[in-house]
Amino acid sequence: MSGTGETGRAAEPAGTGDQDVPVIEFRGVSLTYPGPPPVAALRPCELTVHRGEFITVVGPSGSGKSTFLNVAGLLDAPTGGTYLLDGIDTAALRDGERTALRGRRIGFVFQSFHLLPHRSATENVTLSMVYSAVPRAERRARARTALERVGLGHRADALPGRLSGGERQRVAIARALAGRPSLLLCDEPTGNLDSDNAGSVLDLLGELHASGMTIVVITHDAEVAERGQRTVTIRDGILSEPSREARA
Amino acid sequence: MTRSPKRSPQRSPKRSPKGEAPREEPRTEPREKSPKRRRVVEPSRLAARDVLAEAVAGMLQRPGRSVLTALGTVLGVGTFVAILGLTATTSSQIDSRFNVLTATEVTVEDVARDQNEFADPAFPADADARIERLGGVEDAGVYWNVRLAPGTAVRSAPVGDGTGSERIDVVAASPGALRAAEPTLAQGRLYDEFASGSAQPVAVLGKAVADRLGITTLETSPAVFIGDEPFTVAGIIDDVKRRADVLMSVTVPRTTAEKLWGPPQQGDAKMLITTATGAAAQIAREAPVALRPDHPEYLKAVPPPDPRTLRAGVTDDLDQLFLLLAAVSLVIGAVGIANTTLVAVLERTGEIGLRRALGARGRHITVQFLTESGALGTMGGLVGTALGVSTVIAVALVRDWTPVMHTGTVVAAPAVGLVTGVVAGLYPAWRASRIEPAEALRR
């Protein structure tokens, strides 16, 4: 019993903070929904996201963005290829382990925020630490820190209904950050926001990137896509990475 | 909770689970890929306290709905508690009415005519003596209401002075029967075996009768006239413990009554026996044989009721119907909880998806919703218990009873609510755990 903690630690890939290990590594990852007829939602693709990178995945609706999100976010298991998250082979994981890995290493930011309406901003943020064994006493402090980091220290006790759209999304980002993930996975983070609020959220993502966070933003908006260091395009389930020069 | 030995300095800044060893989650999957396979990821966990906190928060975020949901359980548990409490209360009422007085009393009835239409009155002349010889008997005596000829009145003077407008009953009773009634005398004394044996014309009056006849003192040696027969008043009875009709009658010795008006009509005569505590049932068995060894079947002894059968009779009757009703309302309560929880699960699909994304396993979702419905059931059970107890107390107050409740009832009732809630939550919680996070988050 007491040994499992040690084993768990020892089994970690050579240091999650290690710059050499990519956060995301797709090796021929594909996802085909079994038919009939079988649908190839994601064709075999290669993708490497290094620690500290800010990449955007862009594509029209129906192109396979959601599938990419589900696979990268460990919500769906790929049917082919190998997906290494922080160097951990996710195919070898059992269901429960995949769930735990998702909870601990990935911070999700959704288009529709997914805040619990009857809980304050702080309580919403602490939710991300409920399932990962963060002691209760520590959760609140970490939630405050995360809220301050997204510039909402003064709205810590507000209910989501009293917050603007941009503030809500920033609470959601704080929730993702409080879990101390390796990867911030954002699905259309500005999709429900007006341009002012969208701008402030994107600025925040830029700041987080500058402080070393690895960020993947999935969007259909070319302007949002511009913010990334690299942009990956997805179309008809095919992932491709045009070089900057080619686009320019 | 075990604590692992101090770990080496944490290499990962991403997590700091404060040195707590992860609890080994029960592995249901039979496939163990390889024995050398090591745990790669610390499993997700959900502490019991967090489960409770989440359940309470879930309940409080829609308080109105929670109250309505719990209503069925409130009614069901409340009915259960009220019925069990009222049953306990009423049967304890019967216990107290079944007191020493009734427990030490045996009545013997003359049923000779039912057996043989030519039979004489069943009680022998020495009935009192025969019964008083039995062990455990305190007093015994034969008595009957004398059937006077029409127009025969009881008066305090030989000729009418207007007091005979109302009928006054005349009771023939042997001295033993009079003593068995345990009278308290206001004045004078009871007649004894000597007066009875020589058929003396003496009478004992109830206080009410004496007042009506205008007899206030025995110092003047007053007499009463039954028809034209004079009777010396021996005593005035203030109160009796048994046979309250004595207070409203003129009581004369059995022998005197037989001499003047003949033997009792068939079935009129009865015998009253008072016994030592606990002897009544035994004496009821012995009395017919002691009185009429030749024809014990001519007499029927009525022992005091057995308290055990009394209580069982009360419990059996109505209560089963009411308990059935309570069970029905519990089922309705359970259906209500199931329904609301199911609606809540559908409403909260997004929340479920979010929790799954944050690392909750399917079983964590199950446990959360089960706890929520269990908490609703427990709340309903507690309120229902309180209402049930209040009902019992209110009824007892109105009826001037002592409220009696079994501790088990009060303790078990909230548990019944809990079980109802958990059972009702099984299906919705299972549904919740089956929700695909990817699907749920798309909303």
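Position numbers for residues start from 1 in each chain and track the written sequence from start to end. Chains carry letters and ligands carry numbers; both start at the beginning, A for chains and 1 for ligands, and go up in the order they are written. The predicted origin of the model limits local features to residues at a pLDDT of at least 70 and limits the giving and counting of side-chain atom pairs to 80 or more, whereas totals for whole chains, interfaces and linings rest on all residues. The side-chain figures draw on all heavy atoms in the structure; neither hydrogens nor water molecules are used.

## Topic: the overall build of chain A
To be explicit about the condition: Runs of E in the DSSP output that reach at least two residues are strands. Runs of H or I that reach at least four are helices, and both are numbered from the N terminus. We call a residue buried when its accessible area falls under 20% of the maximum for its residue type, exposed when it is over 50%, and partly exposed in between, using a 1.4 Å probe and counting protein chains only. Note on definitions: a residue-residue contact is assigned when non-hydrogen atoms from the two residues lie within 4.5 Å. Accessible surface is estimated by sampling points in the Shrake-Rupley manner with a 1.4 Å probe; for residues, cover comes only from the protein chains shown.
What chain A contains, in helices and strands, is nine helices and ten strands. The burial tally for chain A puts 59% of its 248 residues in the buried class. Pairs at least 24 apart in sequence give 71% of the contacts found in chain A among residues at least 6 apart. Accessible area for chain A stands at about 9500 Å²; split by element, carbon and sulfur atoms hold 49% of it.

## Let's talk about the pattern of salt bridges
Where we set the bar: By definition here, a salt bridge exists when the distance from a side-chain nitrogen of Lys or Arg to a carboxyl oxygen of Asp or Glu is within 4 Å.
What the rule picks out here adds up to 31 salt bridges over all chains. For R105 of chain A, the salt bridge is made with D86 of chain A, and the minimal N-O distance between the two is 3.1 Å. Of this pair, R105 of chain A sits in helix α3 (residues 95–105) while D86 of chain A sits in the loop between β4 (80–85) and β5 (88–89); the two residues are 19 residues apart in sequence, bridging distant segments of the chain. Each member of the pair, R105 of chain A as well as D86 of chain A, is classed as buried. Two residues, R254 of chain B and E258 of chain B, come together in a salt bridge whose shortest N-O distance is 3.7 Å. Taken together, the residues R254 of chain B and E258 of chain B, both in helix α9 (residues 254–261) and four residues apart, mark about one turn of the helix. Looking at R254 of chain B, the relative accessible area reads 7%, which means it is buried. Residue class for E258 of chain B comes out partly exposed when judged on its relative accessible area of 28%.

## Concerning the UniProt feature "transmembrane region" (unreviewed entry) in chain B
All names here are of chain B. Heads up, the condition is: UniProt positions are given in the numbering used here, feature names are shortened, and annotations may be inferred rather than shown by experiment.
Under the local residue numbering, the UniProt record ascribes the feature "transmembrane region" (unreviewed entry) to residues 67–88, 321–346, 375–398 and 404–427. Between the C-alpha atoms that bound residues 67–88 there is a distance of 30 Å. The span itself is 100% helix and 0% strand. The annotated region residues 321–346 carries 100% helix and 0% strand content, and the separation between its end C-alpha atoms amounts to 38 Å.

## Some thoughts on the packing of aromatic side chains
Residues and elements named next belong to chain A. To keep things clear, this is the line we draw: Working definition: a ring pair exists when centres of Phe, Tyr or Trp rings (six-membered ring for Trp) sit within 6.5 Å. Plane angles under 30 degrees give stacked, over 60 give edge-to-face, the rest tilted.
Enumeration according to the criterion identifies five aromatic pairs over all chains in this entry. Between F26 and F68, the aromatic rings sit 5.7 Å apart at their centres with planes inclined by 55°, giving tilted as the arrangement. Of the two residues, F26 is situated in strand β1 (residues 24–33) and F68 in helix α2 (residues 65–72); the sequence distance between them amounts to 42 residues. F68 matches F26 in its accessibility class, with the two residues each being buried.

## Quick look at the confidence of the model for chain B
Residues and elements named next belong to chain B. To keep things clear, this is the line we draw: pLDDT is a per-residue confidence score from the predictor, ranging from 0 to 100.
Of all residues in chain B, 84% have pLDDT values of 70 or greater, and the mean over the chain is 81. Low confidence marks residues 1–37, where pLDDT is under 50. Its contacts with residues over four positions away, or in another chain, come to 81 contacts. Under the prediction, the complex receives an ipTM of 0.89, its pTM being 0.65.

## Re the layout of surface pockets
Put simply, the rule is: With a 1 Å grid laid over protein atoms only, a set of points is called a cavity when a 1.4 Å probe fits there but cannot get out and a pocket when it is open yet has protein on both sides within 12 Å along at least five of seven lines; lining residues have an atom within 4 Å of a point. Grid points are joined across faces, edges and corners, and a volume is the space filled by probe spheres set on the points.
Taken as a whole, the largest pocket holds about 500 Å³ of empty space. Along the walls of the largest pocket sit 20 residues, with D95 and T99 of chain A together with R356, G362 and E436 of chain B positioned nearest its centre.

## Focus on the sheet that holds β5 of chain A
Strand-to-strand pairing in sheets goes through backbone hydrogen bonds, with the strands running parallel or antiparallel. All names here are of chain A. Inclusion rule: One requirement defines pairing of two strands: DSSP has to find at least two bridges between them. Angular values range over 0 to 180 degrees, each being the angle between N-to-C directions of two axes fitted as lines to C-alpha atoms, with helices fitted over their stretch in contact.
Spatial strand order, β2-β1-β4-β5: four strands in an open sheet with antiparallel pairing. Taken across any chain shown, the strands that pair with only one partner, and hence form the sheet edges, are β2 (39–49) and β5. Across the sheet, α2 is in contact with β1, β2 and β4; its angle to β1 comes to roughly 120°.

## Observations concerning the nonpolar core
Keep this limit in mind: Among buried residues, those of type Ala, Val, Leu, Ile, Met, Phe, Trp, Tyr and Cys that are joined through side-chain atoms within 4.5 Å constitute a nonpolar core.
Of all hydrophobic cores here, the largest spans 54 residues; its most connected members are I24, F26, F68, Y83 and V216 of chain A. Other than its neighbours up to four places away in sequence, I24 of chain A contacts L47, T48, V49, Y83, L84, L85, L183 and V216 of chain A. Residues I131, I168, A257 and Y298 of chain B belong to the second largest nonpolar core, which totals 46 residues.

## Quick word on a nonpolar patch on the surface
What counts, and what does not: Candidate patch residues must exceed 30% relative accessible area and have no salt bridge, after which like charges are joined if within 9 Å and Val, Leu, Ile, Met, Phe, Trp or Tyr side chains if within 5 Å.
A surface patch of nonpolar side chains, about 400 Å² in accessible area, is lined by L418, V419, V422, V423 and L426 of chain B. The topology assignment puts V419 of chain B in helix α15 (residues 407–434).

## Structural notes on the sheet that holds strand β7 (residues 183–187) of chain A
All names here are of chain A. Taken in spatial order, the six strands of this open sheet run β6-β7-β8-β3-β9-β10, and their pairing is mixed. Of all strands in the sheet, those with a lone pairing partner are β6 (106–109) and β10 (238–240), marking the two edges. Ignoring which end each strand starts from, the neighbouring axes of this sheet average 20° apart. Both strand β9 (residues 230–235) and β10 contribute to a ladder of three bridges, which runs antiparallel. Its bridge partner being in β10, I234 is matched across the sheet by L239. Packing of helix α6 (residues 165–178) onto the sheet brings it into contact with β6 and β7, and relative to β6 it is tilted by some 170°.

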